[in-house]
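Single-letter residue listing:
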Amino acid sequence: MGTDHTSKIVGTAWGLLILNTLGSTGAKTIVPLPRSLIQMVTMGALAVAFTLALAVNLRLRIRASAFVFLLTLLLVPSVISSADLESGFGALFRCARLALFVGTLWLLSRWWDGGLTFVRHHIRMYFAVLASVAAGAVLSPGAAMPELYGGRLVGALWPLTPPQIGQYAAVIIGLSVLLLLGRRTDRVSAAVVIVPALVLLALTHTRTATLGLLIGLVLAIGSLFLTSAAARRFFAWAVLCAAVAAVGFGSVLRAWFLRGQSEENFTSLTGRAKVWDALLAAPRTTSEHLFGAGLGDKSFGGLPIDNSWLAVYHEQGMTGVALVAAVVVVLGGVALLRPPSLPRACAIFLISYCAIASYTEAGLGDASPYLLHLAVAASLLAVPAAAPAATAEVPRRPVPRWAQSSEVT
């Protein structure tokens, strides 16, 4: 099988993993899509992704990866807590989905070599998703910015919520900026991705994604500060533009950030704090404390939890929290130990973005875009496979001088 053909299959499998994590709930679409049909498409995408990954890796060659190993261990509390069916048969179904998701990552880990291949796959697929969002906004502006979501941008062709769109936009903006600074893409190609994504991010009014983008870029560019003149110039211009924007557009930025909410609603994180307090105050058995109540829809009392750590605690217990924390700590520690480079900067951006978003978004304990972001970071931090050593030339035995004569006596 040719290298180019294999690369296309790997890229297709990665795109199908992204499709699987888009979810099946969100705003009403222009053409009504039954939830059962959406779930069939997303689960079918995962099954096809696993099949493609297995087809190009029939010998089951994998890379040693602490990240995927910890995700494999996360299956243990997930299965233990889901086996008693307290959360229904859906919990076992979600366990099977997570197992297939992790298995696909194991198969694709063969191509994790510290390069930027999966960064490009990530950008291309999420740019395609955002293109569908933009198309929906053009076809039906009313459906794309409904009053139900406060006029924030949603997916009108595929059911996507504003936080989802903001997340995808922020991630590809950050990665594209870093590729531009590292001279791995040209300005035109970067602008084609960054400018539309910035517009979509602004229309979603997503604070978490915006803060994650800004802080993640500061940390990533800071890791390149001593070795890249382009990073230093970009940082200086960014600080200057931020200062001008803060002075000249302070009131506008504050209004955008508050989204018309009252101070009380803002300080309670749009009601999230009430759900968190109720979740922590709920009585739990020892088993539920250690292993959780089983994989569910990341909600408590019919309301979304919107916090990765509390969602993991609720569904996979303290065991799951410890494993997810280990994932973040291990990736962050490896990134800090690597010498300055563009792949390291991209990994730092993705890790820091996921860590920031985990406070107001759920997903670190189940198959989700956040685990795919961290998987890209793991691929960037992987040590390239050593090239096979050249066969050493066998030293020739010295020939005595008397034997070097061409005459035979």
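Residues numbered from 1 in each chain as written. Predicted model: local features only at pLDDT ≥ 70, side-chain atom pairs only at ≥ 80, totals over all residues. Heavy atoms only, no water.

Going through the model one piece at a time under the given rule, you end up with four aromatic pairs. Look at Trp14 and Phe118: their rings are 5.1 Å apart centre to centre, the planes differ by 70 degrees, and that puts the pair in the edge-to-face class. Taken together, the residues span a long stretch of sequence, with Trp14 in helix α1 (residues 3-20) and Phe118 in helix α5 (residues 117-139) at a distance of 104 residues. Judged by relative accessible area, which is 0%, Trp14 ranks as buried. Measuring from centroid to centroid gives 5.4 Å for Trp276 and Tyr359, while their planes differ by 65 degrees, and the two rings are edge-to-face. Residue Trp276 is found in helix α13 (residues 272-281), and its partner Tyr359 is found in the loop between α16 (342-357) and α17 (369-381); the two are separated by 83 residues along the sequence. Judged by relative accessible area, Tyr359 falls into the partly exposed class, the value being 47%. (Phe/Tyr/Trp six-rings, centres within 6.5 Å; stacked < 30°, edge-to-face > 60°. Helix = DSSP H or I, 4+ residues; strand = E, 2+ residues; numbered from the N terminus. Buried < 20%, exposed > 50% of the residue type's maximum accessible area, 1.4 Å probe, protein only.)

Here the focus is the nonpolar core. Ranked by internal contacts, the top residues of the largest apolar core, which has 107 residues, are Trp14, Leu17, Phe67, Leu105 and Trp112. Considering each element in turn, this core owes the most residues, twelve residues, to helix α7 (residues 162-181). Filtering out sequence-adjacent residues up to four positions away, Leu17 remains in contact with Leu46, Ala49, Phe101, Thr104, Leu105, Leu108 and Leu372. (Core = buried A, V, L, I, M, F, W, Y, C linked by side-chain atoms within 4.5 Å. Contact = heavy atoms within 4.5 Å.)

Along its 16 residues, α16 runs 23 Å from first to last C-alpha, staying within 8% of the 22 Å computed at 1.5 Å per residue. The element α16 is largely enclosed, with a buried count of 14 among its 16 residues. Of the residues flanking the start of α16, the one acting as N-cap is Ser341, its side-chain oxygen 3.3 Å from the backbone nitrogen of Arg344. (Expected span 1.5 Å × (residues − 1). Polar contact = N/O pair within 3.5 Å; in protein donor to acceptor, adjacent residues only side chain to side chain.)

What follows is about the pattern of salt bridges. What the rule picks out here adds up to three salt bridges. Measuring nitrogen to oxygen at the nearest pair gives 3.4 Å for the salt bridge that ties Asp306 to Arg272. You can see Asp306 sitting in the loop between β2 (303-304) and α15 (308-337) and its partner Arg272 sitting in helix α13, a full 34 residues away along the chain. Assessed through its relative accessible area of 16%, Arg272 is described here as buried. The partner of Lys298 in a salt bridge is Glu315, and the shortest N-O contact between them spans 3.1 Å. One end of the pair, Lys298, is in the loop between α14 (286-291) and β1 (299-300); the other, Glu315, is in helix α15, and 17 residues separate them in sequence. Each member of the pair, Lys298 as well as Glu315, carries the same accessibility label: buried. (Salt bridge = Lys/Arg side-chain N within 4 Å of Asp/Glu carboxyl O.)

What follows deals with the confidence of the model for the protein. Taken as a whole, the protein shows an average pLDDT of 87; of its residues, 88% reach a score of 70 or greater. Scored below 50 in pLDDT, residues 387-394 makes zero contacts in the model with residues more than four places away or belonging to other chains. Every residue in residues 402-409 is under pLDDT 50, and counting partners more than four places away or in other chains gives one contact. (pLDDT = per-residue confidence, 0-100.)

Glancing now at the environment of Ala135. Looking at the element boundaries, Ala135 is found in helix α5. The exposure class assigned to Ala135 is partly exposed, which follows from its relative accessible area of 30%. Through-space distance from the C-alpha of Ala135 to that of Gly155 is 9.3 Å; in sequence the pair is 20 residues apart.

It is worth spelling out empty space enclosed by the protein at this point. Counting across every chain of the model gives one cavity of 30 Å³ or more. Volume-wise, the largest cavity comes out at about 30 Å³. What lines the largest cavity is simply Pro163, Gln167, Thr206, Thr208, Ala209, Tyr353, Glu361 and Tyr370. For the lining of the largest cavity, the secondary structure elements donating two or more residues are α7 and α9 (207-224). (1 Å grid on protein atoms, 1.4 Å probe; cavity = no way out; pocket = protein on both sides within 12 Å on 5 of 7 lines; lining within 4 Å. Points joined across faces, edges and corners; volume = space filled by probe spheres on them.)

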